[in-house]
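Observations on the model geometry
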Amino acid sequence: MLPLHLLHYFAVPKSEQKREIQRSASIENVFRQKKKFSVYNRAERRYDDNIRTVMYQYKGDITLKQRDLTRGPVFRSMSIFALPMLLGNLLQQMYNVVDTWVVGRYIGSDALAGVGSSYTLMIFLTSILLGLCMGSGVVFSLNYGRKDENQLKTSVGTAFCLIAAAAVLLTMIPILALDFILAWLNIPQQILALTREYLFIVFWGIPAVFFYNFFAAYLKSLGNAVVPLVFLSISTAVNIGLDLLFVVGLGFGTPGAAGATIIAQYISGIGVCVYVMKKDSRVRAAFLHIRVSRDSMREIAGYSVFTCLQQSVMNLGILMVQGLVNSFGTTIMAAFAAAVKIDSFAYMPAQEYGNAFSTFVAQNTGAGKKDRVTSGIKCAALTSLTYCAAASVVLWFLAENLMRSFVSSSEGAIIEEGVRYLHIEGAFYCGIGCLFLLYGFYRAIRKPAMSLVLTIISLGTRVALAYILSPVSFIGVVGIWWAIPIGWFLADMTGIVYLVVNRKNFL
């Protein structure tokens with residue numbers, strides 16, 4: 001039987017209508033056959049250029065809903081695509097927040113300090129995988145925009161082999177070098193044992209992070225952000241439930257929190273992998289006949305290496321700042337651990353909107369629609385900056401209440417320092433919102449090196465100023481907090497000036 005192509009919201013034809021449509025060999029034939037019928041059993045077909053969801057049936061499999069971002073109103077296209085990504089990251093941040101809340105409330109401030117330091121290290125390690133997956137996702141988007149399915153299959157197989165090798169190294173090296181890493185991070189002796197115990201467990205979750213981010217990047221590159229959201233929702237629910245069970249119910253302490261995290265990670269990673277393999281014939285074909293193409297490897301490396309370096313440099317800078325924070329003792333460590341979770345939760349929508357914007361630009365660049373890219377820039381800038389301004393106002397007034405939700409009211413010093421951090425960082429969210437858009441734009445137009453340059457400027461400034469200002473007696477740890485927004489705005493100015501100067505080449 002020839003492949004059956006059905007369009008979004010098609011009604012199911014009567015039996016003889018269905019047999020005739022099954023004899024069609026293309027979507028265009030479906031349209032021609034459809035004209036012969038005036039009555040449909042369930043509903044009238046509604047065609048929406050913005051969504052253009054297509055389902056392919058082949059050997060009993062139906063692929064995934066895909067969103068074509070090269071058509072329809074710009075704001076609607078980008079916002080609808082970004083929404084499940086925002087919800088997905090919201091869920092991810094939620095279980096990070098719940099993890100922090102459970103540890104801070106039911107184990108203590110020392111455990112909160114240790115888990116907070118571990119979180120920063122894990123973000124650095126997984127950011128390497130995230131950068132590789134994001135870069136590969138840009139290549140997938142470009143191939144999808146060109147309608148080149150053969151090259152899409154080749155790039156999927158090539159990228160999987162490359163990133164899988166990186167995941168193995170990122171799992172084994174930290175486990176073998178754990179004592180050296182703890183010494184480099186200046187972990188205080190009083191929390192050294194529990195930090196080591198926690199890290200040894202969570203390192204084994206890195207392969208699961210690879211599986212989830214690789215297949216999620218593939219789905220998002222095709223315009224499907226819903227399926228990753230579903231699996232992340234399941235993972236979040238499991239993580240929260242196991243946190244409460246292992247830590248609160250069974251009293252397993254920090255190992256219980258670590259165990260809950262990696263179990264949830266494997267559920268989402270393996271789940272989305274199985275789903276894509278079952279539903280998408282292109283991915284099955286790519287894995288049945290893995291073909292590592294030199295040209296494909298070069299293209300993926302061109303995007304992934306720079307994106308990976310960008311993510312790594314960014315989080316290495318954060319890790320270096322964490323080491324400096326650790327030198328101020330467990331009170332500052334605990335304040336930083338709680339405040340960073342609140343901070344990340346607040347600016348997360350701007351980060352995910354930047355990722356959605358990157359996919360939008362990549363698809364339209366691949367389709368040669370530069371006018372649409374220009375419209376997307378204006379729309380994304382207005383949307384992101386509006387959100388960031390609102391988030392700054394809300395966080396200013398709620399900072400103290402949010403800190404009190406993580407630590408006991410008796411821990412006045414921790415709350416006070418956390419509020420001070422949030423007031424400084426939160427006041428300048430427009431800076432990081434703009435930076436996320438610049439990162440996404442330069443990745444999408446084949447200029448990932450520029451994203452790396454902006455990251456080096458932002459993080460280089462942050463680290464340099466933090467180490468220069470914090471030893472000054474009348475500045476202290478506040479110098480670390482102020483270094484962050486200063487780095488954002490220097491990077492913003494660089495990226496905007498470069499875009500204006502090269503506007504004719506890029507747009």
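In this convention, every chain numbers its residues from 1, walking through the sequence in written order. It should be noted that, the model being predicted, local features are given only for residues of pLDDT at least 70 and side-chain atom pairs only at 80 or more, the latter also being counted only at that level, while totals for whole chains, interfaces and linings use all residues. As a rule here, side-chain values cover all heavy atoms of the structure and leave hydrogens and water aside.

Examining the overall build of the protein
Note on conventions: DSSP H or I runs of at least 4 residues are helices, E runs of at least 2 residues are strands, and numbering of each starts at the N terminus. Check the secondary structure of the protein and you find 19 helices and three strands. Relative accessible area decides the class of each residue, using a 1.4 Å probe on protein chains only: under 20% of the type maximum gives buried, over 50% gives exposed, and in between gives partly exposed. Among the 507 residues that make up the protein, the fraction classed as buried is 57%. Residue contacts are defined here by distance: any two heavy atoms, one from each residue, within 4.5 Å place the two residues in contact. The long-range fraction of contacts in the protein, counting pairs at least 24 apart against all pairs at least 6 apart in sequence, stands at 79%.

Describing the confidence of the model for the protein
Any residue range with low pLDDT should be treated as having predicted coordinates unsuitable for detailed reading. For every residue, the predictor assigns a confidence score, pLDDT, that lies between 0 and 100. Summing up the model confidence of the protein, the mean pLDDT is 80 and the portion of residues at 70 or higher is 85%. pLDDT under 50 marks residues 1-64. Its contacts with residues more than four places away, or in other chains, come to 101 contacts.

Some words on unusual backbone geometry
Phi at Asn 186 takes a positive value of approximately 60°, unusual for a residue other than glycine. Note that Asn 186 resides in the loop between helix H6 (178-184) and helix H7 (192-202).

Digging into the packing of aromatic side chains
In this scheme Phe, Tyr and Trp rings, the latter by its six-membered ring, pair at centre separations within 6.5 Å, and the angle between planes marks the pair as stacked below 30 degrees, edge-to-face above 60, and tilted otherwise. According to the stated counting rule, one finds 22 aromatic pairs in the structure shown. Look at Phe 336 and Tyr 421: their rings are 5.7 Å apart centre to centre, the planes differ by 90°, and that puts the pair in the edge-to-face class. Here Phe 336 is found in helix H13 (residues 330-366), whereas its partner Tyr 421 is found in helix H15 (residues 412-426), with 85 residues between them in sequence. With 6.1 Å between their ring centres and 75° between their planes, Tyr 347 and Tyr 429 make a pair best called edge-to-face.

Things to note about the packing of helix H9 (residues 226-249) against helix H10 (residues 253-279)
Lines fitted to C-alpha atoms define the axes, with helix axes restricted to the stretch in contact, and inter-axis angles between N-to-C directions lie between 0 and 180 degrees. Closest axis-to-axis distance for the H9/H10 pair is 8 Å, and the angle between their directions is 160°. One way to sum up the angle between H9 and H10 is to call them roughly antiparallel. In this structure, H9 meets H10 at a crossing whose hand is right-handed. Orientation is classified from the angle alone, with under 35 degrees giving roughly parallel, over 145 giving roughly antiparallel, 65 to 115 giving roughly perpendicular, and any other angle giving oblique. Handedness of a crossing follows from how the near helix is turned relative to the far one, being left-handed for an anticlockwise turn of less than a right angle and right-handed for a clockwise one.

Section: the environment of Ile 496
Tracing the chain through its elements places Ile 496 in helix H18 (residues 478-501). For Ile 496, a relative accessible area of 36% puts it in the partly exposed group. Placed 61 residues apart in sequence, Ile 496 and Leu 435 show a C-alpha to C-alpha distance of 9.4 Å. The contacts of Ile 496, once residues within four sequence positions are left out, are Cys 434 and Leu 438.

Quick word on empty space enclosed by the protein
Note on definitions: the grid is 1 Å and covers protein atoms alone; a cavity is a set of points where a 1.4 Å probe fits but cannot get out; a pocket is an open set with protein on both sides within 12 Å along at least five of seven lines; lining residues have an atom within 4 Å of a point. Grid points are joined across faces, edges and corners, and a volume is the space filled by probe spheres set on the points. The full count for this structure, using the stated rule, is two cavities of 30 Å³ or more. Surrounding the second largest cavity, Asp 99, Thr 100, Val 103, Leu 112, Val 115, Gly 116, Ala 337 and Lys 341 form its lining. When contributions to the lining of the second largest cavity are tallied by element, the ones reaching two or more residues are helix H3 (74-106), helix H4 (109-145) and H13. Of the residues in the lining of the second largest cavity, the class split is four nonpolar, two polar and two charged. Classification used: nonpolar for Ala, Val, Leu, Ile, Met, Phe, Trp, Tyr, Cys and Pro, charged for Asp, Glu, Lys and Arg, polar for all others including Gly.

Re the packing of H4 against helix H5 (residues 149-176)
At their nearest, the axes of H4 and H5 sit 10 Å apart, and the two run at 180° to each other. Between H4 and H5, the angle is such that the two are roughly antiparallel. Contact residues: H4 offers Leu 125, Ile 128, Leu 129, Leu 132, Cys 133, Ser 136, Val 139, Phe 140 and Asn 143, while H5 offers Gln 151, Leu 152, Ser 155, Val 156, Ala 159, Ile 163, Ala 166, Ala 167, Leu 170 and Pro 174.

Concerning the environment of Gly 223
Looking at the element boundaries, Gly 223 is found in the loop between helix H8 (206-221) and H9. Under the relative-accessibility criterion, Gly 223 is labelled buried at 6%. Each C-alpha atom, one on Gly 223 and one on Ser 141, is 8.4 Å from the other, the two residues being 82 residues apart in sequence.

Brief notes about the pattern of salt bridges
In the sections that follow, a salt bridge refers to a side-chain nitrogen of Lys or Arg positioned within 4 Å of a carboxyl oxygen of Asp or Glu. Tallied over the full model, the rule gives four salt bridges. Arg 282 is the salt-bridge partner of Asp 280, the closest N and O atoms lying 3.3 Å from each other. Neither residue differs from the other here; Asp 280 and Arg 282 are each classed as buried. Residue Arg 404 pairs with Glu 400 through a salt bridge whose shortest N-O separation is 2.8 Å.

Notes on the state of the cysteines
Here, the term disulfide refers to a pair of cysteine sulfur atoms separated by no more than 2.5 Å. Within the structure shown, the criterion is met by zero disulfides. Its sulfur unpaired, Cys 430 is 5.4 Å from the next cysteine sulfur, which belongs to Cys 388.

Here's the deal with H4
With 37 residues, H4 should cover 54 Å at 1.5 Å per step; its first-to-last C-alpha distance of 50 Å lies within 8% of that length. Within H4, the axis deviates most sharply at Ser 127, by approximately 30°. Within H4, 33 of the 37 residues are buried, leaving the element largely enclosed by the surrounding structure. The span expected for a helix works out to 1.5 Å for each residue beyond the first. We define the bend at any residue as the angle between the axes fitted to the seven residues before and including it, ending there, and the seven starting there.

Remarks on the side chain of Arg 443
Looking at where Arg 443 falls in the secondary structure, it is placed in helix H16 (residues 429-444). Counted as positive: Lys and Arg. Counted as negative: Asp and Glu, with His and the chain ends omitted from the count. Summary of buried charges: Arg 443 has no salt-bridge partner, and the nearest side chain of opposite charge, Glu 352, is 8.7 Å away. Each polar contact in these results corresponds to two N or O atoms within 3.5 Å; when the atoms are within protein, one needs to be able to donate a hydrogen and the other to accept it, and residues that are neighboring in sequence are counted only if both atoms are side-chain atoms. In this structure the side chain of Arg 443 is engaged in a polar contact, spanning 3.3 Å, whose partner is the side chain of Asn 355.

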